[in-house]
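Now for the letters of each chain:
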Amino acid sequence: MVWELTEAHVEALAIGAGILGTGGGGNPYYGKLYVRRLLREGRRVCIVAPEEVPDDALVVSVGGMGAPTIGIERIHRGDEPLAALRALEQYLGRRATHLVPGEIGGANALRPLAVAALAELPVIDGDGMGRAFPELQMDTFAIYGIPATPAALADIEHNLVVFPYLRDALTLERYARAVTVQMGGAAGFAFPAMSGAELRRVVIPYTISLAVQLGEAVLSARREHADPIAAALAVTGGCLLFRGKVIDVERRLAAGFARGTMRLEGLGDDRGSELRIDFQNENLIARRDGQVIAAVPDLICLVDQETAEPVTTEVVRYGLRVAVLGIPAPAMLRTPEALAVVGPAAFGYVDVEYQPLSGIYGGDRLAAERGAATQ
Amino acid sequence: MARLGIDVGGTNTDAVLLDRGEVIAWAKHPTTPDVSSGILAAVRDVLAQAPLAPPEIRAVMLGTTHFTNAVVQRRDLARIAVIRLGLPATASIPPLEDWPDDLRETVAELAVILPGGHQFDGREIAPLDWQALEQLAGELRRRGVGTAAVTAVFSPAVPTHEDAVAEFLTARVPGLRVTRSREIGRIGLLERENAAALNAALVPLAEQTVRAFQQALSELGLEAPLYLSQNDGTLMTAEFAAHYPVLTFASGPTNSMRGAAVLSGLRDAIVLDVGGTTTDGGALVSGFPREASFAVMIGGVRTNFRMPDVVSIGLGGGSLVGPDGSTVGPQSVGYRLSSEALVFGGSTLTASDIAVAAGRARFGDPSRVAHLPPSVVRRALATIDQRLTELVDSLKTTPAAVPVIVVGGGSVLVPDHLEGASEVVRPPHAAVANAIGAAIAQVSGEIDRIVSLEGQTREAALAAACADARRAAVAAGADPASVTIVEIEEIPIAYLPSNAVRVRVKAVGDLRGG
């Protein structure tokens, strides 16, 4: 299945990607404005289902890495990931045939679409996380054995850094972060590269469709004065974990990541209970009155209790009234090899046992509905 | 040491005279289309009541929605040039990209992005392109552009490019007024640029309006300095306001909450401002309104002003009451309350009629609501109380009961006992809380920057930021001895392992000689 991205899709995708960002991932607003402008200028973006990709295709993941706080001030030039892609292609001696988002949650849902519009390449309907994670070894590409390198980074001046070989994604994560600081705190990337056959084995399918449908459901519920939270839950396969008011947020800086804890006091049916959420850019663990009720890699998403507008860990503060959604993680993140990288223990919660939320991740449901066999 | 506070709202212009913090006279008059005659009438009224002569008034503070309304109604706006310094960065989103089409067409004469701006760590992104700036100056002269906004990447931390370009253009384009973005906004380029552009569009109106304010006051023999209130509840001089009118946005709700704090003597409380159509609720924390954390839209434009976190519900004195009393609002007779409500001889059942029938209020003609069935009155009261209780609850930050301060023309709707409230306080002069909030305002200084903790300790970095905020407050007119730091916010920069922290510090002090 191939479909063409419209302005309405972009509008919806930004909302869906914001919710799937689970509190982090950066604001999709800026990428939305850029992609919208490119479409208005007559450029086109086609989205391709994973099963339509030829085995010998060259698929490259592209996007931006760095600090969201930099991104809201030093807005992107826009074509940094394209410069990185060209450098990677030059190193490989082959042109890419398809692009794939690394992370559907947050800003990186939109950036590959802009690169696709500029480079006239199709984008795979899927990604490597199904949500947002703080580090790049946490995607299914790395987890299921796609080599991290060669990899390329580019900055606003198109200064280029190509890593021909690094041992693994965790090593690349460290080198790439260091380079990103020198690049002014944010950079465009192109990595990893993989064949069409490899992509089908490692991608989390249909997540662009999921994010668009999620955004459309929220927008149409708002228009019709229906409940946008119920609409979001129906599309994602999630459940309502809690409704409440933020009564405390504690942040601390740890190795470049905004770690912290927030406490919510229950409202409505949850009155009398307290929810505590630990986060590291993204929300990781939710405890209701001391009991763990959801844990990474399942998605813990804070949204405004009236509008379902996503609330990120950077803006969450005292007094906000929110609904907390629990969305089951994609099946690809629930295998033993994935949990070793993205389970609670990987984030330092050795005493938290991962108890999967019931239900099926929206993207997996779409894949099943479309009869796609995914491994 | 008397102060005159004036609030120019959409409907009424209020004036209040304070002597050593005590209200000694107040007046409420209709706002007039020219603004000045309404101010003259209200001020004449208070001066006539007051036992003091105009020279004893040491400062005049004015809050106004005039400039917000100009943007919302798209009137009296100037044609502007929007200049961004950021290339090669920022090219993906040009200035004014997400503005409503009608506003962009009304104000935008020219929008450009040129090389310049800085990185978060202070390095230059690119040097300024003087040749391009010379061409730009020629273009501005040729098109007769009178007002411009300049925004450089990371100018809140490194202002040099913004300043250099503002000076360069002012010297080469006769009569050009330049708004520098760092004066009005914080980190967040698009939002700060939007605010600067709105400001530039308002500058000619602001110069004219401030002049008219000053003339009106001098006609009354008032020679005291004039200050305007800002969105954070602090003051700026009239001269500064003429250059930065956008800072008056949303000063109304802030003044009303600050006024409520002073009138009640409470520093931590919920404030309900009950009007004709809506009730606005907010929380006072240490005497200041709690701020909203989302981007604020003004006239359809995204900005990053700090606005009070106000929750509005459709319940006010003019709210329509359903025949059986089970619904109250959100529809309202609004300003026609004084002709349409039953107690005023009209034929519409409103929340005010219920308040009179139930004995919560005494105004109009009570005999005109005597026929209402007690069950309808009871049900309507229960509906009103439930909606107010829910509003208070949603604003609270702890489960404990808190004081609730009630102000505004529709305050009679609020019962003396409200669930979740430790007490319901109805301060005297609550009808002019806005003007009082303006009169008691202080002055502030604020900094917002990203600091690296490599090569300096966190304490040293914070101390430097606090010192700069204090200096900014003194520069804005604060008495140095009274300046205190009221807010320090540290936000680690996520995904960047260089130990960079975004620091915001705000210092507030009493007006010198006020």
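Residues numbered from 1 in each chain as written. Chains lettered and ligands numbered in written order. Predicted model: local features only at pLDDT ≥ 70, side-chain atom pairs only at ≥ 80, totals over all residues. Heavy atoms only, no water.

Under an unreviewed UniProt entry, chain B has the name Hydantoinase/oxoprolinase family protein and belongs to Thermomicrobium roseum.

Per an unreviewed UniProt entry, chain A goes by DUF917 domain-containing protein and derives from Thermomicrobium roseum.

Colleague: What should I look at first to understand the overall build of chain B in this one?
Modeller: Looking only at helices and strands, chain B has 13 helices and 23 strands in total. Since a compact globule built from 514 residues should have a radius of gyration of about 24 Å, the 25 Å found for chain B is in line with a globular shape. The principal-axis extents of the C-alpha atoms in chain B amount to approximately 80 × 55 × 50 Å. The buried share among the 514 residues of chain B stands at 59%. (Helix = DSSP H or I, 4+ residues; strand = E, 2+ residues; numbered from the N terminus. Rg over C-alpha atoms; globule rule 2.2 N^0.38 Å. Buried < 20%, exposed > 50% of the residue type's maximum accessible area, 1.4 Å probe, protein only.)

Colleague: I tried to follow the packing of helix α4 (residues 130–143) of chain B against helix α5 (residues 160–172) of chain B on my own but got confused; where do I start?
Modeller: Each pair of packed helices can be summarised by the angle the axes make with each other and by the distance between the axes. All names here are of chain B. Close contact between α4 and α5 brings their axes to 10 Å; oriented N to C, the two are set at 45°. Judged by the inter-axis angle, α4 sits oblique to α5. The crossing of α4 and α5 is right-handed. Listed contacts from α5 to W130, L133, E134, L136, A137, L140 and R141 of α4 are A164, V165, F168, L169 and R172. (Axes fitted to C-alpha atoms, helices over the stretch in contact; angles between N-to-C directions. Parallel < 35°, antiparallel > 145°, perpendicular 65-115°, else oblique. Left-handed = near helix turned anticlockwise from the far one by under 90°. Contact = heavy atoms within 4.5 Å.)

Colleague: Explain the domain arrangement of chain B to me, please; I cannot follow it from the model alone.
Modeller: It is common to report an interface's size as the accessible area lost on association of the parts. All names here are of chain B. Here chain B is partitioned into domain 1 (76–205), domain 2 (265–432) and domain 3 (442–509). Put simply, the middle of domain 1 and the middle of domain 2, counted by C-alpha atoms, are 43 Å apart. Between domain 1 and domain 2, the residue contacts involve 14 residues of the former and eight residues of the latter. Carbon and sulfur atoms supply 58% of the area buried between domain 1 and domain 2, which totals about 870 Å² over both sides. When residues of domain 1 are sorted by the area they lose upon contact with domain 2, R186, E191 and L198 head the list and together hold 54% of the total. Residues E191 and R302 are paired through a salt bridge, measuring 2.8 Å at the closest nitrogen-oxygen approach. Scanning the region where domain 1 abuts domain 2 turns up four residue pairs in polar contact (both at pLDDT 80 or more). The dominant element in the side of domain 1 that touches domain 2, judged by the number of residues it contributes, is helix α6 (residues 189–219), at five residues. (Domains from an automatic or database assignment. Buried area = accessible area lost by both parts, 1.4 Å probe. Salt bridge = Lys/Arg side-chain N within 4 Å of Asp/Glu carboxyl O. Polar contact = N/O pair within 3.5 Å; in protein donor to acceptor, adjacent residues only side chain to side chain.)

Colleague: Sorry if this is basic, but what is going on with the sheet that holds strand β5 (residues 80–87) of chain B here?
Modeller: Strand pairing in a sheet relies on backbone hydrogen bonds, with the paired strands running either antiparallel or parallel. Residues and elements named next belong to chain B. Taken in spatial order, the four strands make up an open sheet running β6-β5-β7-β8, and their pairing is parallel. Of all the strands in the sheet, the pair left with one neighbour each is β6 (108–115) and β8 (177–180). Taken pair by pair, the neighbouring strands of this sheet meet at an average axis angle of 20°, ignoring direction. Taken together, the six bridges between β5 and strand β7 (residues 147–152) define a ladder with parallel strand orientation. Paired with V82 across the bridge in β7 is A149. Along the sheet face, α4 touches β5 and β6 and points at about 175° away from the line of β6. Across the sheet, α5 lies against β5, β7 and β8, angled at about 175° from β8, the strand it touches most. (Pairing = 2+ DSSP bridges.)

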